[in-house]
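# Structure at a glance
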Amino acid sequence: MSASLKAKVLGNRPVGPQVHLMTLAAPAIAAKARPGQFVMLRVSPGPEPLLARPFSIHGVEGESLLVLYQVVGKGTGLLKEVAQGQELTMWGPLGRGFELGGDDPLLVAGGMGIAPLAFAAESLEQKGASFRAMFGIGSREAFTAWDAVSGDGDCYLEHWDWAAASEDGSLGREGLVTALLAEALDRRTGPVLACGPLPMLKAVARLCDEHGVPCQVSLEAPMACGVGACLGCAIPAKAGGYLRACQEGPVMDAALVDWGRI
Amino acid sequence: MSQRPDMAVKVGGVELANPVLAASGTFGYGREYSPYLEPGALGGLVTKGVSLRPREGNPPPRIVETACGMLNAIGLANVGLEEFLKNKLPWLAEQPGAVVVNLYGESIEEFAELAKALGAAKGVDALELNVSCPNVKEGGMAFGCHPGAVGQVTAAAVAEAGDTPVWVKLTPNVTDLAPMAEAAAQAGARAVSLINTLMGMAIDARTRRPVLANVVGGLSGPAIKPVGLRMVWQVARAMKARHPEVDVVGLGGIMSGIDAAEYLIAGAGAVQVGTASFTEPGAAGRIAGELAEFCAQQGVARAGELTGSLHT
Ligand SMILES: Cc1cc2nc3c(=O)[nH]c(=O)nc-3n(C[C@H](O)[C@H](O)[C@H](O)COP(=O)(O)OP(=O)(O)OC[C@H]3O[C@@H](n4cnc5c(N)ncnc54)[C@H](O)[C@@H]3O)c2cc1C
Ligand SMILES: Cc1cc2nc3c(=O)[nH]c(=O)nc-3n(C[C@H](O)[C@H](O)[C@H](O)COP(=O)(O)O)c2cc1C
Ligand code: FES
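Since the model is a prediction, treat every value here as computed from it, not as a measurement. (Residues numbered from 1 in each chain as written. Chains lettered and ligands numbered in written order. Predicted model: local features only at pLDDT ≥ 70, side-chain atom pairs only at ≥ 80, totals over all residues.)

## Remarks on the overall build of chain A
We count it as follows: Put simply, DSSP marks the helices as runs of H or I at least four residues long and the strands as runs of E at least two long, and each gets a number from the N terminus on. In this treatment the radius of gyration is a C-alpha quantity, and the globule benchmark scales as 2.2 Å times the residue count to the 0.38 power. Exposure is read from a count of other C-beta atoms within 10 Å of each residue's own; the residue is exposed at 12 or fewer, buried at 20 or more and partly exposed in between. C-beta atoms are placed from the backbone.
Check the secondary structure of chain A and you find 6 helices and 16 strands. A compact globule built from 262 residues should have a C-alpha radius of gyration of about 18 Å, and chain A, at 17 Å, falls within 12% of that. Along the first, second and third principal axes, the C-alpha set of chain A runs to 50 × 45 × 35 Å. Among the 262 residues that make up chain A, the fraction classed as buried is 50%.

Take a look at the structure:
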């Protein structure tokens, strides 16, 4: 069962250009959180901005929850100014997370897509399951954010089997992560778990479909309630009609999504 | 020290444990919010608008935040009558609190058919006719903008609903709301609910495109409270003069117990909480608690005393 609570901010620090890591005390949410699920977080108690913002659960440490966020607008701009000790209204865990079964999954993260996938990777590690990861980034500079994000400062990338593609060639392969994925798919891989910008997810879904590899994507949509009530977060469904990103998602089987209408 | 106030009211033919209901379209079919509210915290809830057949709704984007509010163009997406009766109502019927079913038809015949089926269903305490949705092409607001049509739709539903009271939800997107309320009252409505959302739009200046796929949408949230209060005050005065048996249910931008009290003072017998539930899933329950606290602090013995108590 999900819970709504006033979560005390335990930490809120920059971990890269425009990327911040927030730690919140939220025992009732932390206890239930699964990789791929999200929370709704109100950045201010007043009427402005009015709506809560959805954020993937980046990790759980004991009774606290990690949120890794990029400053893109009004709400996240205010969020980065929130001081330690302040309380924020938050509810969750919400939605459907990743299914972590399947042999040797391949995690494909574009940009902030690392936020839920790091939690998935952590769970896979705890289960002793093997997996591989691929990152798509703009440049190496942006990537420095991600190797410092695990809460205890431990660089989790040290014990991952990973590869990267950067648009400017400053880290790993020059180009898009989908080029790396295409090669991996040509060789053979386990199921793909992907999160990132929409164009990337579209390309990932298409590649997986072409190779007959199961693919789960974490999708974004504007959200108001986060609990399945407002019907604002519609994702076009292959079968016709719409799926709710907050309820049937945010993680969906890529084959259920009508990528042409999205 | 003040005693605990009596919060029970009877509004639109329905006994409510307190005057706070959750508003249509913002509370799903109730169950979505059950993790976040104590059972019995609310006087009742109004369901998402039910239509004869399931509706997919509009293409996304369907919602956008605006200054102290939000626009929505959901397009009355809903599971349809059959699924509602089979899989949504049975759970609702077992919960404490009144169940008001909001319904929407594309023709007078559809309103009548829905009223018949839902009026006869066990666990439905009242019907709320949505003649005011700004987000659908057929019917919807078209019915709510002409007193003649409001009267016809209401009369047709009242005739089929049996003993189940009929409420009519009015749109603020008219020059004068009083004739609509008058038509509903004359046709046998037990209450009028107002306001539905105000038509608005949002534009992305950089792309020069509308933000909503539907281009226009309905504005809700704290931004619309002054409009809602004004309309409730006007309609309540008119009802008191001509149809004292018809109650007014007030809504629009209620975020706190004080906001709810303001609507009661303006003339509402009960209130509905909409968008506030999006800002905090337990909002409607919190507001009911705050209203009781306000009554206690003000020495109001019965919540009903607030209704229409505006000093002018
Ligand atoms: C399930 C889910 C999980 C998410 N997880 C994370 C996460 O872990 N880390 C993170 O940094 N962000 C995440 N996001 C995106 C995050 O919610 C938005 O970046 C945030 O709401 C922007 O708020 P703002 O007020 O700063 O921006 P606004 O001022 O509201 O908007 C700024 C820009 O961001 C765009 N935007 C606003 N909301 C969204 C949205 N929901 N999705 C896509 N674009 C949006 C707007 O179109 C606009 O261009 C997630 C979104 C969803 C739906
Ligand atoms: C997302 C959303 C969906 C709505 N759906 C319905 C609906 O199906 N039927 C209806 O009568 N009103 C609907 N409404 C209107 C609300 O019930 C209410 O009249 C309006 O939002 C004003 O109240 P508020 O400011 O408290 O939200 C909807 C509102 C929102 C925000
Ligand atoms: S965000 Fe409200 S239904 Fe998904």
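Alright, that's what it looks like, and here's the rest.
## Topic: the site of ligand 1
Residues and elements named next belong to chain A. Note the following rule: All residues are tested the same way: a C-beta atom is placed from the backbone, and lying within 6 Å of a molecule or strand makes the residue near it. Either an automatic procedure or a domain database provided the assignment from which the domain bounds are taken.
In the vicinity of ligand 1 lie 22 residues, with Ser-56, Gly-73, Gly-75, Thr-76 and Ala-115 positioned nearest. Of all the elements in the fold, those that place two or more residues in the shell around ligand 1 are strand 4 (53-56), strand 6 (64-70) and helix 2 (74-79). A domain-level breakdown of the shell around ligand 1 finds at least three residues from each of domain 1 (3-94) and domain 3 (221-262).

## Structural notes on the interface of chain B and chain A
Here is the rule we go by: A pair of residues counts as a contact when their C-beta atoms, built from backbone coordinates, are within 7 Å of each other. Gly is placed with the polar residues, together with every amino acid not listed as nonpolar (Ala, Val, Leu, Ile, Met, Phe, Trp, Tyr, Cys and Pro) or charged (Asp, Glu, Lys and Arg).
Taken together, the 31 residues of chain B in the interface contact 26 residues of chain A. Elements with a minimum of two residues in the side of chain B that touches chain A: strand 5 (63-66), strand 6 (69-72) and helix 8 (276-279) of chain B. Within the side of chain B that touches chain A, the residues separate by chemical class into 17 nonpolar, 9 polar and 5 charged.

## Thoughts on the domain arrangement of chain A
Residues and elements named next belong to chain A. By the assigned domains, chain A splits into domain 1 (3-94), domain 2 (106-218) and domain 3 (221-262). Using C-alpha coordinates to define each centre, domain 2 is positioned 23 Å away from domain 3. Listed by partner, the interface residues are 7 residues for domain 2 and 7 residues for domain 3. Elements with a contribution of two residues or more to the side of domain 2 that touches domain 3: helix 6 (198-211) and strand 13 (215-218). Sort the elements by how many residues they give to the side of domain 2 that touches domain 3 and strand 13 lands first, with 4 residues. A class-by-class count of the residues in the side of domain 2 that touches domain 3 yields 4 nonpolar, 2 polar and 1 charged.

## So, unusual backbone geometry
With omega at -10 degrees, the peptide bond leading from Glu48(A) into Pro49(A) counts as cis. Mapped onto the fold, Pro49(A) is located in the loop between strand 3 (38-41) and strand 4. Following Pro60(B), the chain continues to Pro61(B) via a peptide bond in cis, the omega torsion being -5 degrees. Structurally, Pro61(B) is set in the loop between strand 4 (44-46) and strand 5. For Cys68(B), which is not a glycine, the phi torsion comes out positive at approximately 50 degrees.

## Points about the pairing of strand 12 (residues 192-195) of chain A
Residues and elements named next belong to chain A. Threshold: DSSP-based pairing: two strands are paired if at least 2 bridges between them are found.
Side chains Val-192 and Ala-194 of strand 12 all project onto a buried face; the interleaved residues Leu-193 and Cys-195 project onto the opposite face, where all are buried too. Pairing geometry for strand 12 and strand 13, over 4 bridges, is parallel. Bridge assignment links Val-192 to a residue of strand 13, and that residue is Cys-215.

## Structural notes on the site of ligand 2
Residues in close proximity to ligand 2 total 27 residues, the closest being Gly25(B), Gly49(B), Ser220(B), Gly274(B) and Thr275(B). More than a single chain frames ligand 2: its nearby residues are located in chains A and B. Here the residues of the shell around ligand 2 sort into 10 nonpolar, 15 polar and 2 charged.

## Things to note about the environment of Gly77(A)
Residues and elements named next belong to chain A. Tracing the sequence through the fold places Gly-77 in helix 2. Residue Gly-77 is classed as partly exposed on the basis of its 13 C-beta neighbours within 10 Å. Expressed as a C-alpha distance, the spacing of Gly-77 and Ile-114, which sit 37 residues apart in the sequence, is 20 Å.

## Comments concerning the pairing of strand 16 (residues 270-273) of chain B
Residue and element names in this part refer to chain B. Alternating positions in strand 16 separate into two faces, Ala-270 and Gln-272 on one and Val-271 and Val-273 on the other, with burial throughout. Sheet topology places strand 3 (residues 20-22) next to strand 16; 3 bridges connect them, and they run parallel. Bridge pairing links Val-20 to Val-271 in strand 16. Relative to strand 16, strand 15 (residues 247-251) runs parallel, the two being bridged by 3 bridges. Across the sheet, Val-249 pairs through a bridge with Ala-270, a residue of strand 16.

## Digging into the sheet that holds strand 11 (residues 173-174) of chain A
All names here are of chain A. To keep things clear, this is the line we draw: For every element, the axis is a line fit to its C-alpha atoms; helices are fit only across the contacting stretch, and the angle between N-to-C directions ranges from 0 to 180 degrees.
Ordered in space as 11-10-9-8-12-13-16, the 7 strands form an open sheet in which the pairing is mixed. Edge strands, defined here as strands with exactly one partner in the open sheet, are strand 11 and strand 16 (251-253). With 5 bridges connecting them, strand 9 (residues 132-137) and strand 10 (residues 162-166) associate as parallel partners. Residue pairing across strands places Ala-133 opposite Trp-162, the latter belonging to strand 10. Relative to the sheet, helix 3 (residues 114-127) contacts strand 8 (106-110), strand 9, strand 12 and strand 13, its axis offset from that of strand 8 by approximately 155 degrees. Together, strand 8, strand 9, strand 12 and strand 13 form the strand contacts of helix 6, whose direction differs from that of strand 13 by roughly 170 degrees.

## Focus: the sheet that holds strand 2 (residues 19-25) of chain A
Backbone-to-backbone hydrogen bonds join strands into a sheet, with any given pair of strands oriented parallel or antiparallel. All names here are of chain A. Read across the open sheet, the 7 strands follow the order 4-3-7-1-2-6-5; overall the sheet is antiparallel. Lying at the two open borders of the sheet, with one neighbouring strand each, are strand 4 and strand 5 (59-61). Strand-to-strand twist across the sheet, computed as the mean angle between neighbouring axes with direction ignored, equals 40 degrees. In this structure, strand 1 (residues 3-16) lies alongside strand 2, joined through 7 bridges in antiparallel fashion.

## Things to note about the packing of helix 5 (residues 177-187) of chain A against helix 6 of chain A
All names here are of chain A. Put simply, the test is: Our angle categories are set so that under 35 degrees counts as roughly parallel, over 145 as roughly antiparallel, 65 to 115 as roughly perpendicular, and the remainder as oblique.
At a minimum axis separation of 10 Å, helix 5 and helix 6 run at an interaxial angle of 10 degrees. The pairing of helix 5 with helix 6 is recorded here as roughly parallel in orientation. Across the interface between the two elements, Val-177, Thr-178, Leu-181, Ala-182 and Leu-185 from helix 5 touch Met-200, Ala-203, Val-204, Leu-207 and His-211 from helix 6.

## Describing the environment of Ile224(B)
All names here are of chain B. With respect to the element layout, Ile-224 can be found in the loop between strand 14 (216-220) and helix 6 (225-242). Classification of Ile-224 by C-beta neighbours within 10 Å gives buried; the count is 25. Look past the residues within four positions of Ile-224 in its chain and what remains in contact with it is Gly-69, Leu-198, Leu-219, Gly-252 and Gly-253.

## Some details on the nonpolar core
Here is the rule we go by: Think of a nonpolar core as buried Ala, Val, Leu, Ile, Met, Phe, Trp, Tyr and Cys residues chained together by C-beta atoms that fall within 7 Å.
Core analysis: the biggest nonpolar cluster contains 199 residues, and Val204(A) and Val192(B) have the highest contact counts within it. Discounting chain neighbours no more than four positions away, the residues touching Val204(A) are Val108(A), Thr178(A), Leu181(A), Val192(A), Ala194(A), Cys215(A) and Val217(A).

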